[in-house]
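Fold and geometry: a report
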Amino acid sequence: MTIKDKITAEPGFMYVVDQMELMSAAGRRRMLQQPFVTDKAALMQEYDNTGRIMECIENSECRRSVAVVRHQLMQMHDLQGTLANLRRQTVLEEIELFEIKNLAFLCMETAKAAAAMGIEGILAIPDLKEVFGMLDPDGTGIPTFYIYDSYDDALPELRRQLKAKQTLLDNSGGSIDERAGLQRQVNALFEQQDEIQQRVVADLSQRLTAYCATLGEAFDRMAYTDFLFAKATLALEWKLCRPRIADDGSAFTSLWNPRLRQRNKELGRRYQPVDISLQDGVCLITGANMAGKTVLLKTVGVAQLMAQFGFFVPAEEAKTTLFDDVVFCIGDEQNEMNGLSSFASEIIKISDTVTRAANERMLILIDEPARTTNPIEGKAIVQSVATLLERKASTTLITTHYSQLGLGCRRLRVRGFVEGLADVPLSPENINRFMDYSLLPNDSDEAPQEALRIAAILQCNSELLDTARHFLSK
């Protein structure tokens, strides 16, 4: 499983990926191929690498070297076709020889900058000096490629004659027959030059096959370097934290959603981070409408994905256990599939997840299950899902508006509406300013009932409210 496989799982995660400051197409491809890491040692190594690059970016003494690396990455071309031709031992074209020489040049410059920063072991870019020397026999030290005179003893004299004959032809004022004769001489010299150049290109192509694996590795390491610097840059700009890997569950302090926080900033609204701990089994989360329950699930899921794809996470502190997968069963994912209703799409997703939980340890995020069916069946479905998943090794968060479920699982409640939280009159436009999104332990089997209180504060029709209270009391 890679980032490419998960990029559409939740728009908030796609937002994170889209904000990556990658310098090359190769870097973006490498980012999309980043695996979901379930091995503790491998993940800690990835965190170490990211942290070390962050130190370099922040170190003023490394500023020039960081700029050099980024500049080289910006010059990266897509060599996949060239490398494939090299593996097939195809005679390369001159432009492909230039691409290889350019890659060798970029690798050499990046390796020098990495050595200056002390991170050559992290980037691990192969030495391509021999490749560069093969394509730069005159020692120009520049990445452009040319079939130099030194490749064949006959080329210097041949090119001297060609230039002289071409000059005569260009300046000739003779008869048509004289000009035709000069043109034939020029053409013959061109053919001789072309034959030698083709021989040189074929020879270089054959010699370069010995470096095929090294060139492929170098290309991959440069792409990884791009991805690594982009991760480190994002961590610094967003002030992300390095997660601690633990076996006793995940926990996030002051967890925030990157996409929503940026949106609120643009709209001039406050954003409230939350604290949450995750344990094996099921946790029911209740709260009033508008209490941010769905956002909470999405934020937890995005943070876990970031952690296991080797990113630092959006929190002040974080510890994470390692899961086999993160599964979102959330409202906006429940679009119609092949003409099925939203409930059909939802229940199929939940059913598949329950089946997988028998063999996989997952973080499962289920938002208001069965909310589109009738309340009696909906309540029974929630009870069934929670009962079955409580027996599995996975960690499951379920938001629900159902009361009296009779389940012995852990419960949390979003504190919700607080009338005095803002110093302005309540209105439909600003009601989010009166929401406290902090999570509280909840021993009650009743879901919060704040709808009528909020409706009253909003001065809704009194007869409507009184009648609703009458039915509620029965």
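The model shown is predicted, which means the values in this text are computed figures rather than measured ones.

Counted according to the given criterion, the structure contains 20 salt bridges. Notably, a salt bridge pairs Asp248 with Lys319, separated by 3.0 Å at the nearest N-O pair. Note that Asp248 is positioned in the loop between β1 (244-245) and β2 (250-255) and Lys319 in strand β5 (residues 317-320), a separation of 71 residues in sequence. One salt bridge in this structure joins Arg469 and Asp466, with 2.9 Å as the shortest N-O distance. Taken together, the positions of Arg469 and Asp466, both in helix α18 (residues 462-473) and three residues apart, correspond to about one turn of that helix.

What follows covers helix α14 (residues 293-308). The end-to-end C-alpha separation of α14 is 23 Å, in line with the 22 Å expected for 16 residues at 1.5 Å each. Counted residue by residue, α14 has 14 buried out of 16 residues, so it is predominantly covered. Directly after α14, the chain includes Gly310, whose backbone phi takes a positive value near 90 degrees.

Moving on, we get to the nonpolar core. Ile119, Leu135, Leu208, Ile276, Ile285, Val300 and Leu397 are the most contacted members of the largest nonpolar core, which has 115 residues in total. If one sorts the elements of this core by residue count, helix α12 (residues 212-238) sits on top with 15 residues. Residues contacting Ile285, with those up to four places away along its chain left out, are Lys293, Leu296, Leu297, Leu397, Ile398, Thr399, Thr400, Leu412, Val414 and Leu439. Residues Val282, Val327, Leu389 and Tyr402 belong to the second largest nonpolar core, which totals 21 residues.

This part takes up the packing of aromatic side chains. Inspection of every chain in the model, using the stated rule, returns nine aromatic pairs. Residues Phe13 and Phe309 carry aromatic rings whose centres are separated by 5.7 Å and whose planes lie at 15 degrees to one another, so their mutual orientation is stacked. Of this pair, Phe13 sits in helix α2 (residues 11-18) while Phe309 sits in the loop between α14 and β5, and the two are 296 residues apart along the sequence. Comparing Phe13 with Phe309, the two get one shared label, buried.

The sheet contact formed by β1 and β5 spans two bridges and is parallel. Note on β5: the bridge partner recorded for Arg244 is Lys319. Bridge count for β2 against β5 is three bridges, and the pairing is antiparallel. Of the residues in β5, the one forming a bridge with Ala251 is Lys319.

As enumerated under the stated definition, the model contains two cavities of 30 Å³ or more in all. Taken as a whole, the largest cavity encloses approximately 50 Å³ of empty space. Around the largest cavity sit Leu284, Thr286, Thr400, Tyr402, Leu405, Arg411, Asn442, Ser444, Asp445, Glu446 and Ala447, which together line it. In the lining of the largest cavity, the residues fall into four nonpolar, four polar and three charged. Estimated volume of the second largest cavity: approximately 40 Å³. Taken together, Glu21, Met23, Arg70, Asp226, Phe229, Ala230 and Thr233 make up the full set of residues lining the second largest cavity.

Spatially, the six strands line up as an open sheet ordered β6-β7-β8-β4-β9-β10, and their pairing is mixed. Looking at strand neighbours, the two that pair on one side only are β6 (325-329) and β10 (435-441), the edges of this open sheet. Strand-to-strand, the axes of this sheet are offset by a mean angle of 15 degrees, without reference to chain direction. Inspection of the sheet shows β6 paired to strand β7 (residues 362-367) by five bridges, in the parallel sense. Bridge pairing in β7 links Phe328 to Leu365. Of the strands in this sheet, β6 and β7 touch helix α15 (residues 342-356), which is tilted by about 155 degrees from β6.

Analysis parameters
Residues numbered from 1 in each chain as written. Predicted model: local features only at pLDDT ≥ 70, side-chain atom pairs only at ≥ 80, totals over all residues. Heavy atoms only, no water. Salt bridge = Lys/Arg side-chain N within 4 Å of Asp/Glu carboxyl O. Helix = DSSP H or I, 4+ residues; strand = E, 2+ residues; numbered from the N terminus. Expected span 1.5 Å × (residues − 1). Buried < 20%, exposed > 50% of the residue type's maximum accessible area, 1.4 Å probe, protein only. Core = buried A, V, L, I, M, F, W, Y, C linked by side-chain atoms within 4.5 Å. Contact = heavy atoms within 4.5 Å. Phe/Tyr/Trp six-rings, centres within 6.5 Å; stacked < 30°, edge-to-face > 60°. Pairing = 2+ DSSP bridges. 1 Å grid on protein atoms, 1.4 Å probe; cavity = no way out; pocket = protein on both sides within 12 Å on 5 of 7 lines; lining within 4 Å. Points joined across faces, edges and corners; volume = space filled by probe spheres on them. Nonpolar A, V, L, I, M, F, W, Y, C, P; charged D, E, K, R; others polar. Axes fitted to C-alpha atoms, helices over the stretch in contact; angles between N-to-C directions.

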